[in-house]
Amino acid sequence: MKSLVGTHPGSDTDAGRHPANAPLEPLDTCDEWFDRFHEYRLGLGYQASRYAWDAWISPFIGTKRWVEVTPADTERIRDNLDRAMSERRARGPGMRRLL
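Cut-offs and rules
- Residues numbered from 1 in each chain as written.
- Predicted model: local features only at pLDDT ≥ 70, side-chain atom pairs only at ≥ 80, totals over all residues.
- Heavy atoms only, no water.
- Axes fitted to C-alpha atoms, helices over the stretch in contact; angles between N-to-C directions.
- Helix = DSSP H or I, 4+ residues; strand = E, 2+ residues; numbered from the N terminus.
- Left-handed = near helix turned anticlockwise from the far one by under 90°.
- Contact = heavy atoms within 4.5 Å.
- Nonpolar A, V, L, I, M, F, W, Y, C, P; charged D, E, K, R; others polar.
- Buried < 20%, exposed > 50% of the residue type's maximum accessible area, 1.4 Å probe, protein only.
- Core = buried A, V, L, I, M, F, W, Y, C linked by side-chain atoms within 4.5 Å.

(A) Spotlight on the packing of helix α2 (residues 51–61) against helix α3 (residues 71–91). Contact geometry for α2 and α3: axes closest at 9 Å, N-to-C directions at 145°. Of the two possible hands of crossing, α2 and α3 adopt the one that is right-handed. Across the interface between the two elements, Trp56, Ile57, Phe60 and Ile61 of α2 pack against Asp73, Arg76, Ile77, Asn80, Leu81 and Ala84 of α3. Residues that form the contact of α2 with α3 fall into these classes: 7 nonpolar, 1 polar and 2 charged.

(B) Structural detail: the environment of Glu68. Mapped onto the fold, Glu68 is located in the loop between α2 and α3. For Glu68, a relative accessible area of 36% gives the class partly exposed. Remark: the alpha-carbon pair of Glu68 and Thr29, spanning 39 residues in sequence, is separated by 9.3 Å.

(C) Summary view of the nonpolar core. Formed by Cys30, Trp33, Phe34, Phe37, Trp53, Ile61, Val69 and Ile77, the largest nonpolar core amounts to 8 residues. Taken together, the elements giving at least two residues each to this core come down to α1 (30–43) and α2. Sorting elements by how many residues they give to this core places α1 first, with 4 residues. Sequence-distant contacts of Trp53, defined by excluding residues within four places in its chain, comprise Cys30, Asp31, Phe34, Ser58, Pro59, Ile61 and Trp66.

Structure representation (C-alpha cells):
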C-alpha cells in the first residue's frame, strides 16, 4: 500500500490524466464519475473504500449528472450526515451503527 503522507493526487506526474480532472462526459452521472475516480485511486495503490460514497453521497446525487447537482443537494447530504452523527452521539458506537 502506498503511503498517503506527502502525496496529493494533484501532484501526480500524470495529473493531466487524473479522472477527477478529466472533462466530464455530458451524460456522466456522479456514480459513473466516482467509479472512474475509485479505479484510478486503486491503480495508484491506495487502499480505497467505496463505503462513504455508497452510504452517504450516492443516495442523494449518484444518478444525477454533475451539472444537475445543486447546493440544495449538498445541503441534504450534510443534513443526513449531521443526523447520523447526532444519533451516534446519542446511542454511542456499536455494531451496525455509524463508525
